[in-house]
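What the coordinates show
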Amino acid sequence: MSNSLTDTITGILRELTKIDYIRPGEFPNIDLYMDQVTTFMNTHMSASKIKSDDVILTKTMINNYAKNNLIPPPDKKKYSKEHMIILVFIYYFKSILSISEIHDMLGPLCDSFFDSADNKSGISMEDIYNGIYASTKSQLSTVSIDIMKKSETAGKYFNEVTNKKEREFLQRFAVICMLSFDVFLKKQLIQCLIDTPGDVSKSGKTASAKNSGTKQTAKKSASSGQSSSNTAKSKSKQGNTTKPKAKQ
C-alpha cells in the first residue's frame, strides 16, 4: 500500500482516538428543559462530529424519539439524567439501526432501569452508562490495530497495476470493502441479538415465554383448522353418498 494512504488512515485513526464522549459524572443532576438538553448534548458531543455541520441533537429529534416511544415522556416538560443517557445511546445506534430496532432494544432497558423507584435490581441507568463507557473506551486501541492490519492486507493486492493512481485507488477501495464487510457482519450480529428472545419486562414475562405462547396458539389454531377440515370432508362424503336405485 502506498505511504500516502497509510498516512491518511493513520491520521484518521489518530483523530478518532481523540474523540471525547460524555464522561461518567458529567450529566447534570438536575432536570433540564428541552433547550437546555440540546445545548448540553451539542456542546459535550461536538467532538464526535465527522463534518462541522453535522447535527447532534435538535428539538425535532427529541419530539420524534418521544413519538416513537424511544424515550419516556418528560416530567412537566423537563428531562432527567436518565433521559439524556438514553439520548446518547440513540445517537450512536441510529447510524446503524432502524428506529424499530432501537425501540426493541431500548424498550426493555427503560422498562427495567429508567425509574429508580421501580428498579429492584439496584442498578441505575447511570451505572449502566458507566459500564458501557469503560468497555468502549478500552476498545479504541484494539479497533485501531485491526484497521491497520486490514490496511496492510489490502496493500498486498493490485501491486501488478503499473498506473500509480489506479493502484492507489484500487487499494483504497479494497480497504473500504474490507471495513464495510466487517461492519456488515457486526450489524447482522447486532440485529440477531436484538431479535433473540429473552428480554425481561416489568411483568416478569420474557419474550421467549411470549413466543412459546404464540407457538402454542398457532398449534391450537392449526389443530382446530385440521379438525374442521376433516369434519368438512366427512360431511362432503356423506352428502355425496346416495342410496342405490331399486331394481325394477
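The rules we used
Residues numbered from 1 in each chain as written. Predicted model: local features only at pLDDT ≥ 70, side-chain atom pairs only at ≥ 80, totals over all residues. Heavy atoms only, no water. Helix = DSSP H or I, 4+ residues; strand = E, 2+ residues; numbered from the N terminus. Expected span 1.5 Å × (residues − 1). Buried < 20%, exposed > 50% of the residue type's maximum accessible area, 1.4 Å probe, protein only. Polar contact = N/O pair within 3.5 Å; in protein donor to acceptor, adjacent residues only side chain to side chain. Patch = residues over 30% accessible without salt bridge, like charges linked within 9 Å, V, L, I, M, F, W, Y side chains within 5 Å. Areas by Shrake-Rupley, 256 points an atom, 1.4 Å probe, with all protein chains shown as cover. Salt bridge = Lys/Arg side-chain N within 4 Å of Asp/Glu carboxyl O.

1. Some remarks on helix 8 (residues 164–195)
- Counted at 1.5 Å a residue, the expected span for helix 8 with its 32 residues is 46 Å, and the 46 Å between its end C-alpha atoms agrees.
- Every buried residue belonging to helix 8 is among Gln171, Ala174, Val175, Gln191 and Ile194, and all of these are buried.
- With a side-chain oxygen lying 3.1 Å from the backbone nitrogen of Lys165, the N-terminal cap of helix 8 falls on Asn163.

2. Section: a nonpolar patch on the surface
- Side chains of Phe181, Phe184 and Leu185 sit close together on the surface and give an oily, nonpolar patch of about 320 Å² of accessible area.
- As for its placement among the helices and strands, Phe184 is situated in helix 8.
- For Phe184, a relative accessible area of 44% corresponds to the partly exposed category.

3. Quick look at the pattern of salt bridges
- Applying the stated criterion to the full structure yields four salt bridges.
- Measuring nitrogen to oxygen at the nearest pair gives 3.1 Å for the salt bridge that ties Lys81 to Glu126. One end of the pair, Lys81, is in helix 4 (residues 81–93); the other, Glu126, is in helix 6 (residues 125–137), and 45 residues separate them in sequence.
- Accessibility expressed as a relative area gives 24% for Glu126, which makes it partly exposed.
- Here Lys150 makes a salt bridge to Asp146, at a shortest N to O gap of 2.7 Å.

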